[in-house]
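Chain by chain, the residues:
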Amino acid sequence: VAADSEGERVLVLRNLGRGRFGAPAALPTGRCLDGTTPCTVATQATSCSGQILAKCFVPSGSTTGHCANGTTICTSETEETDCSGQILAKCFARPGAVAAADFNGDGRVDIAASIAGVSTGAGDVLPGRVAVFLRQANGTYGSARHTVVENAPLAIVAANLDCDGQGRDDLAVANQGSDSVSVLRSNGDGTFALTQRLSANQVGQQPLSLGLGDFDRDGKPDLAVSNTGTSGSSVRVLLGRCDGTFTPKEPSPPGGGSIVRALVARDFTGDQIVDLGVVNEADNSMRVLRGVGNGQFFLFASFGQVDGVSTRPIALAGGDLDGDGRYDAATANKFSTSNNLSVLLNCARDPGCASAGQLPGAAAVRGDANGDGLRTAADLVSVAREVMDGDGFQVEDIARGGEQAHPGVDANGDGYVNGQDRTAVMRWIFRGV
């Protein structure tokens, strides 16, 4: 799944196996001010014709402002009369990031995308949105359903944040333009309700990236936020209460560099405690912040400490890319001379690597789902137990500490435990790969 901002759509590419994908299916994200009328930026003047926004945009420190046309003078108290009948033919269409999860509890994976706000005639920017596409029984996706968030939403992550047992995943959205994070509870129909607004003093200025994991091993999803602002870049950790709200964990982890552009939560050190991988766009590097199991992190002086990648890394993913039982990393790099991917293979415990011999335990044996050292039919039962464990078919997240199962249950090394791991276990049993 990919966000195509210029094309104003989300692209879904079907996995054909053996590293091949089918032609992309396009999901249009554009909706007018009413949140329902389909549109594109090119057709907004006609598609969104008649959309009314009786709102006054008042600059900070002033008592008067202008209506959406940029000329009519108004105040916040008189906006309904002064701005009555103001037309705003604008389309909310350009996605920035995507997340896949089950938002209505039907056992099918849906798609959510963050959508940028739009400028008014007064020069102000309307809040952005989240667009959700619910997967239908026939494998297709329904039309976008919009939920308003705040300015310039970027990163978006999904999990069952309120632990309600209904099998519906919720969302957290980083709003760079508002210096905030919106925590949203699923309504079960593709729309969401705000449960908490995390402000700048909790998440930092201009939040860029989000990561989810059980950082303090209490069985509740926690949140990590990378940010950059006038006071410099930092990483903030917030511990979940399992009611859709979070509290800051002090002290904050050590910074990952001057511009922490992206982060991911994975057990990179292999000690069954979730860590954070962060990429620094300024010095083209990746760092690992090692978790200790109580919500605190420390810069891991091993694992290379600072691993160089190509120019301007803007995204980071973690997975077992070489099948050795350890989570590796890959970065997407955006620069005129790069526009490529960097792959970093985990060398923890390898001779010659800075971390060799320093870490407890051993690498996971992919497909050994019950931890007995063998790959047998019993492991198929263990995988099935994790996939269908009564939590509403929620996708498990072994790599981020979400389950206290044996790490080998993530048979394909993608960081999740779902139906695909059943196939992976059978391949390990019968083919050894």
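To keep things clear, this report deals only with the structure shown in the data block. (Residues numbered from 1 in each chain as written. Predicted model: local features only at pLDDT ≥ 70, side-chain atom pairs only at ≥ 80, totals over all residues. Heavy atoms only, no water.)

1. Side note on the sheet that holds strand 19 (residues 246-248)
And step 1. The four strands are arranged 16-17-18-19 in an open sheet whose pairing can be described as antiparallel. This sheet does not close on itself; its edge strands, each paired only once, are strand 16 (207-213) and strand 19. Between one strand and the next, the sheet's axes are offset by a mean angle of 30 degrees, whatever the strand orientation.
And step 2. Strand direction decides the pairing type here: strand 16 and strand 17 (residues 222-227), joined by six bridges, are antiparallel. Its bridge partner being in strand 17, Leu212 is matched across the sheet by Leu223. (Pairing = 2+ DSSP bridges. Helix = DSSP H or I, 4+ residues; strand = E, 2+ residues; numbered from the N terminus. Axes fitted to C-alpha atoms, helices over the stretch in contact; angles between N-to-C directions.)

2. Some words on the packing of aromatic side chains
And step 1. Enumeration according to the criterion identifies two aromatic pairs in this entry.
And step 2. Ring plane angle 80 degrees and centroid distance 5.3 Å describe the contact between Phe215 and Phe297, whose orientation is recorded as edge-to-face. Of this pair, Phe215 sits in the loop between strand 16 and strand 17 while Phe297 sits in strand 23 (residues 297-299); the two residues are 82 residues apart in sequence, bridging distant segments of the chain. Accessibility assignment for this pair places Phe215 and Phe297 in one class, buried.
And step 3. Of note, Lys55 hangs over the ring of Phe57, and the distance from its end group to the ring centre comes to 5.6 Å.
And step 4. Lying over the aromatic face of Trp428, Arg375 brings its terminal NZ or CZ to 3.9 Å of the ring centre. (Phe/Tyr/Trp six-rings, centres within 6.5 Å; stacked < 30°, edge-to-face > 60°. Buried < 20%, exposed > 50% of the residue type's maximum accessible area, 1.4 Å probe, protein only. Lys NZ or Arg CZ within 6 Å of the ring centre and 35° of its normal.)

3. Here we look at the nonpolar core
And step 1. Within the largest apolar cluster, 17 residues are counted, with the highest numbers of intra-cluster contacts made by Leu53 and Leu126.
And step 2. At the level of elements, strand 2 (9-12), strand 9 (110-115) and strand 10 (129-133) are the ones that each hand at least two residues to this core.
And step 3. Considering every element that reaches this core, the biggest residue donor is strand 9, with three residues.
And step 4. Every residue in contact with Leu126, bar those within four places of it in the chain, is listed here: Leu33, Leu53, Phe57, Leu88, Phe92, Gly117, Val118, Thr120 and Asn151.
And step 5. Of all hydrophobic cores here, the second largest spans 16 residues; its members include Val183, Leu210, Leu212 and Leu223. (Core = buried A, V, L, I, M, F, W, Y, C linked by side-chain atoms within 4.5 Å. Contact = heavy atoms within 4.5 Å.)

4. What about the environment of Ala68?
And step 1. By secondary structure assignment, the location of Ala68 is in the loop between strand 6 (65-66) and strand 7 (73-74).
And step 2. Put simply, Ala68 and Cys56 are twelve residues apart on the chain and 7.0 Å apart in space, counted from C-alpha to C-alpha.
And step 3. In this structure, Ala68 is in contact with Leu53, Lys55, Phe57, Gln86, Leu88, Thr120, Gly121 and Ala122, ignoring residues within four places of it in sequence.

5. Re the pairing of strand 18 (residues 234-240)
And step 1. Most of strand 18 sits out of view: six of its seven residues are buried.
And step 2. Where strand 17 meets strand 18, five bridges bridge the pair, whose relative direction is antiparallel. Note that in strand 18 the partner of Asn227 across the bridge is Ser234.
And step 3. The pairing of strand 18 with strand 19 spans three bridges and is antiparallel. The partner of Gly240 across the bridge, within strand 19, is Phe246.

6. So, the pattern of salt bridges
And step 1. The final tally for this structure, using the stated rule, is ten salt bridges.
And step 2. Beyond isolated ion pairs, a larger network of salt bridges with shared partners links Arg261, Glu281 and Arg312. (Salt bridge = Lys/Arg side-chain N within 4 Å of Asp/Glu carboxyl O.)

7. Overview of the pairing of strand 27 (residues 340-344)
And step 1. Looking at chain direction, strand 26 (residues 328-333) and strand 27 are connected through five bridges and run antiparallel. Across the sheet, residue Ala330 finds its bridge partner in strand 27, namely Val343.
And step 2. If you look at the hairpin formed by strand 26 and strand 27, you'll find six residues sitting between the two strands, and Asn339 has a positive phi there, around 50 degrees.

8. Examining a nonpolar patch on the surface
And step 1. Together, Leu321, Val343 and Leu345 give the surface a local cluster of nonpolar side chains, amounting to about 280 Å² of exposed area.
And step 2. Mapped onto the elements, Leu345 comes out in the loop between strand 27 and helix 4 (377-387). (Patch = residues over 30% accessible without salt bridge, like charges linked within 9 Å, V, L, I, M, F, W, Y side chains within 5 Å. Areas by Shrake-Rupley, 256 points an atom, 1.4 Å probe, with all protein chains shown as cover.)

9. Observations regarding helix 5 (residues 420-430)
And step 1. Turning to helix 5, its buried residues number three or more, namely Asp421, Ala424, Val425 and Trp428. Looking straight down helix 5, one finds that the buried residues subtend no more than 100 degrees of arc, so they occupy a single side. (Arc of directions from axis to C-beta.)

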